[in-house]
Amino acid sequence: MITMLKEIGLKSDHMYAAGFASIGLTVAKWGMSKMNPKESRAQADRWGLYVGEWAPTFFAIGIALKLEEQSTLPRLGKN
């Protein structure tokens, strides 16, 4: 899967940026929920946690892509 992501042009930097963006989105959503008392606090917390859980996934994929980018070993099945 990581090789496929690399082949379509994704780079580790893209995934790191997505991870930081999801952190920023979580903080922004939290701040917006503080300003809007009509919105359900529980719903805002659940949404924030959901988006906040994307960051580790993006960072993990970024690390895997970084290792793939640095790899100089030939892949099995490719000549």
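Whatever comes next refers back to the structure up there.
Draft legend 1. Quick peek at helix H2 (residues 12–35). The first and last C-alpha atoms of H2 sit 35 Å apart over 24 residues, in line with the 34 Å expected at 1.5 Å per residue. Inspection of H2 places Ser12, Met15, Gly19, Ser22, Thr26, Lys29 and Ser33 among the buried residues, and these make up the whole buried set.

Draft legend 2. Quick peek at the packing of H2 against helix H4 (residues 54–70). Following both chains from N to C, one finds H2 and H4 inclined at 165°, their axes separated by 7 Å at the closest point. The pairing of H2 with H4 is recorded here as roughly antiparallel in orientation. Judged by the sense of rotation from one axis to the other, the crossing of H2 with H4 is left-handed. Packed against H2, whose contacting residues are Ser12, Met15, Tyr16, Ala18, Gly19, Phe20, Ser22 and Ile23, the element H4 presents Trp54, Ala55, Phe58, Phe59, Ile61, Gly62, Ile63, Leu65, Lys66 and Glu69 at the interface. For the contact of H2 with H4, the class distribution of residues is 12 nonpolar, four polar and two charged.

Draft legend 3. Just the packing of aromatic side chains, in detail. Across all of its chains, the model carries three aromatic pairs by this definition. Judged by centre distance (5.3 Å) and plane angle (75°), the ring pair of Tyr50 and Trp54 falls under edge-to-face. For Trp54, a relative accessible area of 33% puts it in the partly exposed group. Grouping aromatic residues by their ring pairs yields a cluster made of Tyr16, Phe20 and Phe59.

Draft legend 4. Region of the structure containing a nonpolar patch on the surface. A surface patch of nonpolar side chains, about 400 Å² in accessible area, is lined by Leu25, Trp47, Tyr50 and Trp54. On the basis of relative accessible area, Trp47 is assigned to the partly exposed category, the value being 34%.

Reading the values: rules and limits
- Residues numbered from 1 in each chain as written.
- Predicted model: local features only at pLDDT ≥ 70, side-chain atom pairs only at ≥ 80, totals over all residues.
- Heavy atoms only, no water.
- Helix = DSSP H or I, 4+ residues; strand = E, 2+ residues; numbered from the N terminus.
- Expected span 1.5 Å × (residues − 1).
- Buried < 20%, exposed > 50% of the residue type's maximum accessible area, 1.4 Å probe, protein only.
- Axes fitted to C-alpha atoms, helices over the stretch in contact; angles between N-to-C directions.
- Parallel < 35°, antiparallel > 145°, perpendicular 65-115°, else oblique.
- Left-handed = near helix turned anticlockwise from the far one by under 90°.
- Contact = heavy atoms within 4.5 Å.
- Nonpolar A, V, L, I, M, F, W, Y, C, P; charged D, E, K, R; others polar.
- Phe/Tyr/Trp six-rings, centres within 6.5 Å; stacked < 30°, edge-to-face > 60°.
- Patch = residues over 30% accessible without salt bridge, like charges linked within 9 Å, V, L, I, M, F, W, Y side chains within 5 Å.
- Areas by Shrake-Rupley, 256 points an atom, 1.4 Å probe, with all protein chains shown as cover.
- Salt bridge = Lys/Arg side-chain N within 4 Å of Asp/Glu carboxyl O.

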